[in-house]
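# Structural overview for review
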Amino acid sequence: MSIRWKVIIPYVLLTFVVAVIGLYVITHLVAVRQEERLRNQLLEAGRIFSTQFTLQERRQLQTARLIAYTVGVADALQAGDRASLEKLIRPQVATHKLKQVFLIDLQGQEQLHLFQKDKDTLELMGDVGMGKSQWLSSLLITNSELARRVLAINPQDNKYYLYSALTVMLNQNVVGVVVVGTPLDSLLQSLKMVSLADVVFYDTQGRVILSTLQPESEIEGAEAKNYASLQSAFGLDQIALNEILQSPELVLGENVFIDGRGYSIARGVLQIGREPIGVFGVILPLDFVTAFAAESRNFYSWIFILIVAGVFLVGYFVSRPMIVSLQKLLTVSQAVAAGDLSHRAHLRTNDEFGVLAQTFDEMLSNLQTRNAELQKAHKILEQMDRAKATFIEVAAHELRTPLTLVKGYTQMLALKFKDEPETVALTQGILEGAERMQEIVSSMLDVSRIDSNILKIVPEEVNLGVVIGRACKTFQDALKERNLTLTIQGVDGLPLIQADPDQLYKVFYHLLMNAIKYTPDGGRITIHGHLVEGEGGRGQVEIIVSDTGIGIDPEHHQLIFEKFYQTGEVYMHSSGKTKFKGGGPGLGLAIARGIIQAHAGHIWVESPGHDETRCPGSQFFVRLPLRAEFHECDTISAP
Ligand code: ADP
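None of these values were measured; they are calculated from a predicted model.

Moving on to the side chain of H510. Relative to the helices and strands, H510 resides in helix α13 (residues 501–517). Here H510 is in contact with S443, G588 and I591, once residues within four sequence places are set aside.

With respect to spatial proximity, 19 residues lie near the ligand, and among them N514, K517, D547, Q566 and T567 are the closest. Between the ligand and Q566, the relevant distance is 2.6 Å, taken from an oxygen atom to a side-chain nitrogen or oxygen of the residue. Notes on the ligand: free accessible area 530 Å², of which the protein chains cover 98%. A total of three residues in the shell around the ligand trace back to one element, the largest contributor, which is α13.

Time to look at the sheet that holds strand β2 (residues 110–116). Here six strands make up an open sheet; going across it, the order is β3-β2-β1-β6-β5-β4 and the pairing antiparallel. The sheet is open, and its two borders are formed by β3 (122–124) and β4 (147–153), each paired with just one other strand. Adjacent strand axes in the sheet meet at a mean angle of 20 degrees when their direction is disregarded. Note that β2 and β3 share three bridges and pair antiparallel. Residue pairing for β3: L114 is matched across the bridge by L124. In this fold helix α3 (residues 82–95) packs onto β1 (100–105), β2 and β3, with an angle of close to 30 degrees to the strand it touches most, β2. Contacting β4, β5 (160–170) and β6 (173–183), helix α5 (residues 184–195) crosses the sheet at an angle of about 60 degrees to β6.

The next point concerns the nonpolar core. Counting residues in hydrophobic clusters, the biggest one holds 55 residues, and the most contacted among them are L511, I543 and F620. Broken down by element, this core gets its largest block of residues, ten residues, from α13. When near neighbours in sequence (up to four residues on either side) are disregarded, F620 contacts L511, I543, I544, V545, I552, I560, F561, L589, W604 and V605.

Looking now at the sheet that holds strand β17 (residues 539–547). Sheet architecture is open: five strands sit in the order β14-β16-β17-β19-β18, paired in mixed fashion. Edge positions in the sheet fall to β14 (485–489) and β18 (602–606), since each of these pairs with one other strand and no more. Across the sheet, the mean angle separating the axes of adjacent strands is 15 degrees when strand polarity is ignored. Two elements, β14 and strand β16 (residues 524–533), share five bridges in a ladder whose sense is parallel. Paired with Q489 across the bridge in β16 is H528.

The next thing to look at is the packing of helix α9 (residues 352–416) against helix α10 (residues 421–451). As a packed pair, α9 and α10 sit with axes 9 Å apart at the nearest point and diverge in direction by 155 degrees. Classified by the angle between their axes, α9 and α10 sit roughly antiparallel to one another. Here α9 runs over α10; the crossing is left-handed. Of the residues in the contact of α9 with α10, the class split is 17 nonpolar, seven polar and four charged.

Within strand β12 (residues 275–285), nine of the eleven residues are buried, which leaves it mostly tucked inside the rest of the structure. Sheet topology note: the strand β7 (residues 198–202)/β12 ladder contains five bridges and is antiparallel. Across the sheet, the residue bridging to V199 is V282, located in β12. Where strand β11 (residues 261–272) and β12 come together, ten bridges link them in antiparallel fashion. Paired with S264 across the bridge in β12 is L284. Hairpin connection of β11 to β12: two residues between the antiparallel strands, including G273 at a positive phi of 70 degrees.

Now for the packing of aromatic side chains. Applying the stated rule across the entire model yields 13 aromatic pairs. Measuring from centroid to centroid gives 4.3 Å for F49 and F280, while their planes differ by 15 degrees, and the two rings are stacked. One end of the pair, F49, is in helix α1 (residues 3–69); the other, F280, is in strand β12, with 231 residues separating them in the sequence. By relative accessible area, F280 is classed as buried at 2%. The interplanar angle of 20 degrees and the centroid separation of 5.8 Å between the aromatic rings of W135 and Y163 together place this pair among those described as stacked. Of this pair, W135 sits in helix α4 (residues 134–140) while Y163 sits in strand β5, and the two are 28 residues apart along the sequence. Classification of Y163 as buried rests on a relative accessible area of 0%. The structure contains a cluster of three or more aromatic residues connected by ring pairs, namely F49, F53, F201 and F280. Residue placement shows R470 over the ring face of Y505; its charged tip is 4.1 Å from the ring centre.

Conventions used here
Residues numbered from 1 in each chain as written. Predicted model: local features only at pLDDT ≥ 70, side-chain atom pairs only at ≥ 80, totals over all residues. Heavy atoms only, no water. Helix = DSSP H or I, 4+ residues; strand = E, 2+ residues; numbered from the N terminus. Contact = heavy atoms within 4.5 Å. Near = heavy atom within 4 Å. Polar contact = N/O pair within 3.5 Å; in protein donor to acceptor, adjacent residues only side chain to side chain. Areas by Shrake-Rupley, 256 points an atom, 1.4 Å probe, with all protein chains shown as cover. Pairing = 2+ DSSP bridges. Axes fitted to C-alpha atoms, helices over the stretch in contact; angles between N-to-C directions. Core = buried A, V, L, I, M, F, W, Y, C linked by side-chain atoms within 4.5 Å. Buried < 20%, exposed > 50% of the residue type's maximum accessible area, 1.4 Å probe, protein only. Parallel < 35°, antiparallel > 145°, perpendicular 65-115°, else oblique. Left-handed = near helix turned anticlockwise from the far one by under 90°. Nonpolar A, V, L, I, M, F, W, Y, C, P; charged D, E, K, R; others polar. Phe/Tyr/Trp six-rings, centres within 6.5 Å; stacked < 30°, edge-to-face > 60°. Lys NZ or Arg CZ within 6 Å of the ring centre and 35° of its normal.

Shown next as structure tokens:
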């Protein structure tokens, strides 16, 4: 995943999660606040209702009192003078817009019943039996000024009224009762208007008697309203009723649903003076809470969408320069890794990226200069190496002919003076030296062929046991002379391989010669061969030449395969090719590696380190494929 996505994805996810949590918390808080507001509004509506109702009643009672104290009313009532009563009261009823007014004598007879039919018509009604109402009887039998209020049905129109009744006194005696009534439905409408809530009236048994709330199911039979669904939704059982009656405050009810619409209600006692005349309820629809919650959710959703977009854009514009800088640096470093030092980041920003890029560019310029210097030095070294190789080749060629002459003439001398032991010994010495020199010259020629890639490989089926046996035989005398034990294991059982036997002979010749040279007298040399699985599961033979010699430090393990490389001080070496620490030109391992590589094989050394007293020994590994593919150049003959 690129750095761009590593930065953007967690950033976007985090912003989104924070936005969702924020949205949830805020809408939740808003909803809670809305519910609280609704509750407060309900309580407020209830308080207004209660105050207005009391005021209304007080006004009504005040009017009743005015009527009762109108001069002549008490006398006319006592005398049963209906005409005078009507004359006295009619103007008052009209002035105060009273709906129903009764004047009842002590026998419960309606001496006057005025009913305001509409705005302009004030009808004189016949006896509707109001005087026989039970609630009035207590007033008719008393002998003092007393008032009562009730919610009762008017027998004339069968509607609920709020009645205020007051005894009419004459000379300290009760002569009758004046009753003023206001229809509850009109009262309800005005209370609804001031309290800004639907209202409901209950009788003292907790039954719904009137409400401004009209469920759809009950609009049909408007005449015969019985508020069945309101009763089932808002009706009160005895426990709830008692709770309301005993509470001085408004009591909040449960949320209810009628015709799929939610409502909340608060109830209180309708109480004037000491006696409760019923219970009222104020109702508010939950709609505006849910609507407001949905509205606020939408509102906040939009705000959060805008915030998320804003945060995302800010994040994008903040991270973009960094990502672009990083990508520039990445492109340059990739180009450098691919070997192109000419690229530059060219980033000129006033931040750490700018400093990094500038340092990087400077580093590249330095590297480029160093690289050019190195390339120049390398070229010179290559030229020198070529000159050295040419010198080796020329020297080897030039030395070969005089050496052959020296050997030939020495052999002739040995033959001529074969009876003179002293001369024979001298000629033998010259011959041995010449042979050693020939060997070195031959090694020099091998190395120059390997260097020029013209080593001749003539492949055939080779039995490695035979090749190794040949090499061992060469050193039979030396092994005996140095008291070294040579053990050969597993090489005879190896399968035939495709290789050049003469070249392989040289490899084991040099490895064995080194093992002899670097192992103190009395040591052990082991040659072990076995089959191994190489790359791609192809079979390979592995030959390990181990000794109990002085060992090689790890830092030399690769370098000893370079031509002329020798560890330790060269002048410390003793002379003689098989003597302990005998000298050599430092070409053996270079030749061995060249030949093994020409056979598509590998050669390497393993040794714990160099120690001439403890002699940790060395192990030279040679791996050769059973069937190698030889390259063209490997089979070109030396000129
Ligand atoms: P040389 O003619 O010096 O033997 P080689 O190329 O054969 O040249 O070996 C290079 C160097 O590797 C030697 O000078 C010697 O220091 C080290 N070396 C090679 N074989 C062994 C061995 N079996 N034990 C310890 N050192 C070895």
